[in-house]
Amino acid sequence: MGVYVHIPFCAQKCNYCDFHSVVVGDEESFSSVADNYLLSLRQEALYYRKIWGQEPLDTLFIGGGTPSLLPPDKLASFILFLREELPFVKHPEISMEANPHSLTAEGAKILKDVGVNRVSLGVQAFQDDLLLAIGRIHRSEEVGGSVLALREAGITNINLDLIFGLPGQTNEDWVKTLEAALELEPTHLSCYGLILEEGTPLTTWVNAGLVEVPGDDQQAVMYETTCRMLKAAGFEHYEISNFCLPGFRSQHNLLYWHNRSFIGLGSGATGYIQRLRYRNAADVDGFMETWNEGIPYYEESATVSIEQEMDETMMVGMRLLQGVEEEWFRNRYQVSYWELYRGAIEELLQRDLVEYKEGWLRVTPTGLLLENQVSSAFLR
Ligand code: SF4
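It should be emphasised that the depicted structure is a prediction, and the values quoted were computed from it without experimental measurement.

Q: With reference to specific residues and values, describe the packing of helix H6 (residues 171–183) against helix H8 (residues 216–232).
A: The geometry of H6 relative to H8 is characterised by a closest axis approach of 10 Å and an angle of 30° between their N-to-C directions. Relative to H8, H6 is oriented roughly parallel. The way H6 lies across H8 gives a crossing that is right-handed. Touching Asn171, Trp174, Val175, Leu178, Glu179 and Leu182 of H6 are Val221, Met222, Thr225, Thr226, Met229 and Leu230, all from H8. Of the residues contributing to the contact of H6 with H8, the split by class is eight nonpolar, three polar and one charged.

And the structure:
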């Protein structure tokens, strides 16, 4: 179980992004917003401390937005606060997302000293024309320096986030990006296909015919290229979009794929505590105002029934290539998934989208490409 903290600040907005983040102003005004935001996060953490109880927390994930935009000493003191006030295990996995443009060598050292032991760098591509086309602020030459700074600070568990299917990107470009990424010897690679999210500038331009992006077939070729190249490089493909060297699976993300509880903190963050699933309103000012008064500001919150939780556990669990173990599910819910989903599973087996072997139900290579269909089959 773990804690997710959302830092909704970015230096500029990437044109494909629909994550909740606001563009920060000058250094002085951002410094005061950052102070107030971190103060509200502390209040929110104390609120959930009472509700959460003493269940040990194994992971902390600081995501965004761009957490590396925060002054490192302020972020470090907030991390120490969380570790003191919440029941973290002695050596939790502490991950943070960083942009190569704002991560500094000094910042990496400060964060390492308070326990940050995994960093996920938003790299996306190694061609500057592609980075420009999607509105990224960093340039490809900055990535190597960030990786070096992290290693020198003693942070060796490094993920690179990459995206395929970018405007004008060819399979050859993608191969070069993967090669450049592998050269930096990361422990983990997240490779996502571009999704045209509604309301983003990129989607508007594509719909207006101003920009072209690779189609589904081209994306499928890029995905197959990814699986082949990373396997050959010794990476384990353990989740649809995630690959790692042996022993380096993201413990925090596994928590989501196992549908476990977590405390979510911050504007726009989601959380799942004692079957209450909540989503904070994506409103930075509103977040700070309501926590001044000590109350949550939910956009939605609902208690999840045990039936719903079982469905969700199957849906997210099937994203893992190892699949879902029948015994594990039965121990957790005192019922076999065969009893609940026999019809759906048999249909998926017939269509060769899943296989059942030695007590594990998992996607086949065909099912991997049609994962949405596999997941939705478990929604009763
Ligand atoms: S840096 Fe990340 S969160 Fe910020 S706008 Fe770009 S993609 Fe979105």
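Q: Kindly report on the domain arrangement of the protein chain, identifying the contributing residues and their values.
A: Assigned domains of the protein chain: these are domain 1 (2–257) and domain 2 (306–376). Inter-centroid distance (C-alpha atoms) of domain 1 to domain 2 is 29 Å. In this complex, domain 1 contributes 11 residues to the contact, which on the side of domain 2 involves nine residues. Considering only the surface of domain 1 that becomes buried against domain 2, Tyr223, Ile240 and Trp257 emerge as the three largest contributors, covering 50% of it. Where domain 1 touches domain 2, the interface holds one salt bridge. Between Arg319 and Glu239 there is a salt bridge; the shortest N-O distance is 2.6 Å. Our count for the domain 1 to domain 2 interface comes out at four residue pairs in polar contact (both at pLDDT 80 or more). Breaking the side of domain 1 that touches domain 2 down by element, the ones donating at least two residues are H8, strand E9 (236–239) and helix H9 (251–257). By residue class, the composition of the side of domain 1 that touches domain 2 is six nonpolar, two polar and three charged.

Q: Pulling in residues and values, what's your account of the sheet that holds strand E15 (residues 324–325)?
A: Pairing between sheet strands relies on hydrogen bonds along the backbone, with the strands arranged either parallel or antiparallel. Judged by pairing direction, the sheet is antiparallel, and its three strands sit side by side in the order E15-E17-E16 without closing on themselves. Two strands close off the open sheet at either side, each with one partner strand: E15 and strand E16 (354–357). The pairing of E15 with strand E17 (residues 360–363) spans two bridges and is antiparallel. Among the inter-strand pairings, Val324 is bridged to a residue of E17, identified as Leu361. Taken strand by strand, helix H13 (residues 337–350) contacts E15, E16 and E17, and its axis lies near 125° from that of E16.

Q: Quick rundown of the site of the ligand? Include the residues and the values.
A: The local shell around the ligand consists of Cys10, Gln12, Lys13, Cys14, Tyr16, Cys17, Gly65, Thr66 and Arg136. Classifying every residue of the shell around the ligand by side-chain character gives four nonpolar, three polar and two charged.

About the criteria used
Residues numbered from 1 in each chain as written. Predicted model: local features only at pLDDT ≥ 70, side-chain atom pairs only at ≥ 80, totals over all residues. Heavy atoms only, no water. Axes fitted to C-alpha atoms, helices over the stretch in contact; angles between N-to-C directions. Helix = DSSP H or I, 4+ residues; strand = E, 2+ residues; numbered from the N terminus. Parallel < 35°, antiparallel > 145°, perpendicular 65-115°, else oblique. Left-handed = near helix turned anticlockwise from the far one by under 90°. Contact = heavy atoms within 4.5 Å. Nonpolar A, V, L, I, M, F, W, Y, C, P; charged D, E, K, R; others polar. Domains from an automatic or database assignment. Buried area = accessible area lost by both parts, 1.4 Å probe. Salt bridge = Lys/Arg side-chain N within 4 Å of Asp/Glu carboxyl O. Polar contact = N/O pair within 3.5 Å; in protein donor to acceptor, adjacent residues only side chain to side chain. Pairing = 2+ DSSP bridges. Near = heavy atom within 4 Å.

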